[in-house]
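Each chain, letter by letter, is given below.
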Amino acid sequence: MPALGQMENATLMEVEHTPPVHKRMLDILPGVSGGVARIMVGQPFDTIKTRLQVLGKGTIGAAGMPADMVYTSGMDCVRKMMKAEGPTSLYKGTVAPLLGNMVLLGIHFPTFTKTRAYLEQGDAPGAFTPWKILAAGAAAGAAGSVVSTPTELIRTKMQMVRKNNILAQMKGAAAGGLNPEENYKGNWDCAKKILRNHGLRGIYSGYLSTLLRDMQGYAWFFFGYEATIHYLAGQHGKTRADLEYWQVMGAGVMAGFGLWGSMFPIDTIKSKIQADSLSKPEFKGTIDCMKRSIAIEGYGGLWRGVTAALWRAIPVNAAIFLAVEGTRQLISDSEETIDALAASVQDKSLAA
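Note that the structure is a prediction, hence the values are computed from the model and not measured.

> Explain the packing of aromatic side chains to me, please; I cannot follow it from the model alone.
Each aromatic ring pair is specified by the distance between its two centres and by the angle formed by the two planes. If you walk through the whole model with that rule in mind, you get 13 aromatic pairs. Summarising the aromatic geometry, the rings of Phe-112 and Phe-222 are spaced 4.2 Å apart at their centres and angled 5 degrees between planes, so their arrangement reads as stacked. Of the two residues, Phe-112 sits in helix H4 (residues 95-119) while Phe-222 sits in helix H8 (residues 207-234), which places them 110 residues apart along the sequence. For the pair Phe-112 and Phe-222, one class covers both residues: buried. The interplanar angle of 80 degrees and the centroid separation of 5.5 Å between the aromatic rings of Trp-220 and Phe-223 together place this pair among those described as edge-to-face.

Set out below in structure tokens:
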């Protein structure tokens, strides 16, 4: 029988055990794969949503703009963009959110999983407590907002370059239209100019609205998914691993509806703030933007573009969770091989 000291040390080692580096990387990979799926499938829908929020008919941003830059619906937006800017315009500003979402969902999923596990300590196996799911989702959203704010700012700025050039030319600006410091040639050029001229405050423009949006949105995002999975699995005493891929995709769609249905009005405010000029801002902050938007556009203006967002939620969130769960299954099936490979690499490095 081991001595008391040995038993205490064994317990301490178990509590303080840190998984190997490759294990921590594998925890992140499902979220990273989901981030890639989100952007490659969803970027065109997001471009349309943002343009409708900022340049939809009757919005503050559409005032004084030429007819081909004011959109009455999602299809009208697509037609005008394809005619004036070509099909690649739907993917304008993709690089920043692609890289950002790989990191972002690599934060969201582990944060949600670990926060939920902490809150559910002592609960019966398979327990489903709604407030704990919502709280864990909100924590994931808060953690991710640190990454989503700058990546979405850059995407929004890139989507608005043509609009800002036309507006500057209409106001009599020099050839080339816009102030060179706000006329961005690409994602990296945009990030550099914002940081150089406005610092961290500039690159985090719209952070408050993004934080509030993400906490609310991801609370219902994860709740929508987990509640659907719990219902589907619980019907026949199944586990998550027993579900068909179409059921996982369906749960992903419900997550998307939860996300956008809960957070769309504040996402509209976030889009307006991030589309605003950093040098000569029209809005003083989140509250000012909300008050002026409601006064001019009505409450309905806060929901402009929601149809595009909900259509987007179907393929995008089905793809996200298909990628996430597929990657998890692949890792699970390959875990012994990965462990053996990692151990072999570690042994060789120690021998060297």
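> Explanation requested: the packing of helix H5 (residues 130-159) against helix H7 (residues 187-203) in the structure shown.
Relative placement of two packed helices is described by the angle separating their axes and the distance separating the axes. In the contact formed by H5 and H7, the axes pass within 11 Å of each other and the chain directions differ by 125 degrees. In terms of axis orientation, H5 runs oblique to H7. By crossing handedness, the relation of H5 to H7 is classed as right-handed. Between H5 and H7, the residues in contact are Thr-149, Pro-150, Leu-153, Ile-154, Lys-157 and Met-158 and Asn-187, Cys-190, Ala-191, Ile-194, Gly-202 and Ile-203, respectively. In the contact of H5 with H7, the residues fall into eight nonpolar, three polar and one charged.

> Quick question: what am I supposed to make of a nonpolar patch on the surface here?
Where nonpolar side chains cluster on the molecular surface, the patch consists of Met-254, Phe-257, Leu-310, Trp-311 and Ile-314 and spans about 460 Å² of accessible area. Where the nonpolar patch is concerned, the elements lending two or more residues are helix H9 (245-275) and helix H11 (306-351). With three residues, H11 is the single largest residue contributor to the nonpolar patch. The topology assignment puts Met-254 in helix H9.

> Sorry, what's going on with the pattern of salt bridges here?
Opposite charge on two side chains allows them to pair when their charged atoms are near. Applying the stated rule across the entire model yields 18 salt bridges. Between Asp-46 and Arg-155 there is a salt bridge, with the nearest N and O atoms lying 3.2 Å from each other. Placement of the pair is Asp-46 in helix H2 (residues 21-55) and Arg-155 in helix H5, with a sequence separation of 109 residues. The residues Asp-46 and Arg-155 share a single accessibility class, namely buried. For Glu-152, the salt bridge goes to Lys-270, with nearest N and O atoms at 2.6 Å. Taken as a pair, Glu-152 in helix H5 and Lys-270 in helix H9 lie far apart in primary sequence, 118 residues in all. One exposure class covers both Glu-152 and Lys-270, and it is buried.

Calculation criteria
- In this numbering scheme, every chain counts its residues from 1 along its sequence in written order.
- With the structure being a predicted model, the display of local features is reserved for residues of pLDDT at least 70 and the display and counting of side-chain atom pairs for 80 or more, all residues being used for whole-chain, interface and lining totals.
- To obtain the side-chain values, all non-hydrogen atoms of the structure were used and water was disregarded.
- Any two of the Phe, Tyr and Trp rings considered here, Trp counted by its six-membered ring, make a pair once their centres fall within 6.5 Å; the pair's planes then place it as stacked at under 30 degrees, edge-to-face at over 60, or tilted in between.
- What counts as a helix is a DSSP run of H or I of at least four residues, what counts as a strand is a run of E of at least two, and both are numbered from the N terminus.
- Burial here depends on accessible area, computed with a 1.4 Å probe over protein chains only, as a share of the maximum for the residue type. Under 20% is buried, over 50% is exposed, and the range in between is partly exposed.
- Note on method: axes are straight lines fitted to C-alpha atoms, helices fitted across the in-contact stretch only, with angles between N-to-C directions ranging 0 to 180 degrees.
- These descriptions rest on fixed angle ranges, namely under 35 degrees for roughly parallel, over 145 for roughly antiparallel, 65 to 115 for roughly perpendicular, and the rest for oblique.
- A crossing counts as left-handed when the near helix is turned anticlockwise from the far one by less than a right angle, and as right-handed when that turn is clockwise.
- In what follows, residue pairs with any heavy atoms lying within 4.5 Å of each other are defined as contacts.
- For this classification, Asp, Glu, Lys and Arg are treated as charged, while Ala, Val, Leu, Ile, Met, Phe, Trp, Tyr, Cys and Pro are nonpolar and the rest, including Gly, are polar.
- Residues qualify for a patch when their relative accessible area is over 30% and they have no salt bridge, like charges being joined within 9 Å and the nonpolar side chains of Val, Leu, Ile, Met, Phe, Trp and Tyr within 5 Å.
- Computed by Shrake-Rupley with a 1.4 Å probe, the accessible areas treat only the displayed protein chains as cover when residues are assessed.
- We count a salt bridge whenever a side-chain nitrogen from Lys or Arg sits within 4 Å of a carboxyl oxygen from Asp or Glu.

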